[in-house]
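# Descriptive structure summary
Take a look at the letters that make up each chain.
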Amino acid sequence: MSEYVTLTINGAKVRAPRGTSVLDAALDYGICIPHLCHMQGVIPTGVCRLCIVEVIEKGRSKVTTSCTLEAEEGMVILAHTDKILKARKNIAEMLVAEAPNSRAIQDIALKCGVKDVRYPFRNKDCVLCGRCVRACTEIWRSRSLGFVGRGEQRHVALPFDERPEFCKRCNACIDLCPMTITPCDGPMKKGEEYFCGKCESQLSMSEDFVDSCVWCRLGEGFDVTGRHAGRKQEDKR
Ligand code: SF4
Ligand code: SF4
Ligand code: FES
C-alpha cells in the first residue's frame, strides 16, 4: 500500500502521507481552512467546528470537520463553498460573542467575514477548545489539567485547584490558549463589548514563520512581540 494518498481540495491535487487529516493536508498546501481546536500531532476532537468542509461522494455532499477527517485516495473536498463560508461565518460569530477579549478569536472572526455580532457577548475567559488540556496530556504527558463540570459549569481545572508536583512548568497551556496569545490590553467592560478586529494586521504574520498566520498555525511559533521566539526556537532543537 502506498504511503501517500492523493486527494482534491478546492480543485487542487494534494498529496499527503497516509493518515494525515484533510485539514493538515490543506494547510501544508497553503489552502487556508480556519480552525481553532486543532493542533498538529495531537488527537483531534472536532469541538470548535470552524474547519468544516464539504466532502463530495457519488455526487452527494456531506459537511464535516476536516481536522477529524482522514485524507483518503481520490477524496474530493470543497472547503470554501457558499454553504461552508456561511456556516463557518456563523460559527466564528458565535465564538467571538463568547470571548470578545481574545485577539486570536477576533482575528479568526474577521477572516471568516464577520462584520457584526448578532449574539449577546458573554465575555468568557475560556472557549473550551481543549488545546491546553490536550497539550498537557498528549505532548507533555503531565495530565495536570482536565475538564470538570457539565454544560454551563464546564471548565478547565487543576486537581484540587492547585498546581500538582508533576506539572512540568512548560507553559504550553498558556502559550497555546487563544485567550492568552497576545491578549487584548484589558477586558472589555460588561455591556461595552464590541467586534473590533483592528489587530488583524498585527496577528497575521510572524517573523520566524513568514508564511504562517494566527489561524493557520495558532500558537505554533507565532508571537508578535518576539517574547517567546528565542525559547520556541530552542524548544524545536
Ligand atoms: S505548565 Fe503544567 S499544567 Fe501547563 S501544560 Fe505544562 S505541565 Fe500542563
Ligand atoms: S483555557 Fe484556553 S486553551 Fe484551555 S480550553 Fe480554555 S480557551 Fe482553550
Ligand atoms: S473542529 Fe476542526 S479545528 Fe476545531
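Quick caveat, the model's predicted, so the values are computed rather than measured. (Residues numbered from 1 in each chain as written. Chains lettered and ligands numbered in written order. Predicted model: local features only at pLDDT ≥ 70, side-chain atom pairs only at ≥ 80, totals over all residues. Heavy atoms only, no water.)

Here we take up the site of ligand 1. Surrounding ligand 1, one finds Cys136, Ser142, Ser144, Leu145, Arg163, Cys167, Lys168, Arg169, Cys170, Asn171 and Cys173. A class-by-class count of the residues in the shell around ligand 1 yields five nonpolar, three polar and three charged. (Near = heavy atom within 4 Å. Nonpolar A, V, L, I, M, F, W, Y, C, P; charged D, E, K, R; others polar.)

This part covers the site of ligand 2. Near ligand 2 the following residues occur: Cys126, Val127, Leu128, Cys129, Gly130, Arg131, Cys132, Val156, Cys177, Pro178 and Met179. Classifying every residue of the shell around ligand 2 gives nine nonpolar, one polar and one charged. In this structure, the shell around ligand 2 is formed jointly by two domains, domain 2 (94-127 + 178-237) and domain 3 (131-164), each of which donates at least three residues. (Domains from an automatic or database assignment.)

Okay, the confidence of the model for the protein next. Residue-level pLDDT values for the protein average 82, and 79% of them are 70 or greater. Highest mean pLDDT in the protein belongs to strand β5 (residues 76-78) (98); lowest belongs to helix α7 (residues 229-236) (37). Across residues 221-237 the pLDDT falls below 50, and counting only partners more than four positions away or on other chains, this stretch makes 27 contacts in the model. (pLDDT = per-residue confidence, 0-100. Helix = DSSP H or I, 4+ residues; strand = E, 2+ residues; numbered from the N terminus. Contact = heavy atoms within 4.5 Å.)

Below, the discussion takes up the side chain of Ser66. Checked against the element boundaries, Ser66 lands in the loop between β4 (60-65) and β5. Among the polar contacts made by the side chain of Ser66, one reaches the main-chain carbonyl oxygen of Cys51 at a distance of 2.8 Å. (Polar contact = N/O pair within 3.5 Å; in protein donor to acceptor, adjacent residues only side chain to side chain.)

Here we come to the environment of Glu98. The topology assignment puts Glu98 in helix α2 (residues 82-98). For the pair Glu98 and Phe121, spaced 23 residues apart in sequence, the C-alpha separation works out to 5.9 Å. Setting aside residues no more than four positions away along its own chain, Glu98 makes contact with Arg122, Asn123, Lys124 and Val127.

What follows covers the packing of α2 against helix α3 (residues 103-111). Each pair of packed helices gets described by two things: the angle between the helix axes and the distance between those axes. Direction vectors running N to C along α2 and α3 enclose 155°, while the axes themselves pass 9 Å from each other. In this view, α2 runs roughly antiparallel relative to α3, as classed from their interaxial angle. Here α2 runs over α3; the crossing is left-handed. Here Ala92, Leu95 and Val96 of α2 come into contact with α3, specifically with Ile105, Gln106 and Ala109. (Axes fitted to C-alpha atoms, helices over the stretch in contact; angles between N-to-C directions. Parallel < 35°, antiparallel > 145°, perpendicular 65-115°, else oblique. Left-handed = near helix turned anticlockwise from the far one by under 90°.)

To continue, consider the nonpolar core. Core analysis: the largest hydrophobic core is formed by 23 residues, its most contacted members being Leu36, Leu50, Ile105 and Val127. Every element with two or more residues in this core is listed here: α2 and α3. Each of domain 1 (1-80) and domain 2 (94-127 + 178-237) accounts for three or more of the residues forming this core. Residue contacts for Ile105: discarding those within four places in its chain leaves Leu95, Val96, Ala99, Val127, Pro178 and Met179. Residues Val22, Ala26, Ile31 and Met75 belong to the second largest nonpolar core, which totals 21 residues. (Core = buried A, V, L, I, M, F, W, Y, C linked by side-chain atoms within 4.5 Å. Buried < 20%, exposed > 50% of the residue type's maximum accessible area, 1.4 Å probe, protein only.)

Let us now look at the packing of aromatic side chains. A full pass over the atoms with the stated rule returns zero aromatic pairs. Arg15 extends its terminal NZ or CZ atom over the ring of Tyr4, reaching a point 4.1 Å from the ring centre. Its guanidinium or amino end placed over the ring of Phe147, Arg154 lies 4.2 Å from that ring's centre, counting from NZ or CZ. (Phe/Tyr/Trp six-rings, centres within 6.5 Å; stacked < 30°, edge-to-face > 60°. Lys NZ or Arg CZ within 6 Å of the ring centre and 35° of its normal.)

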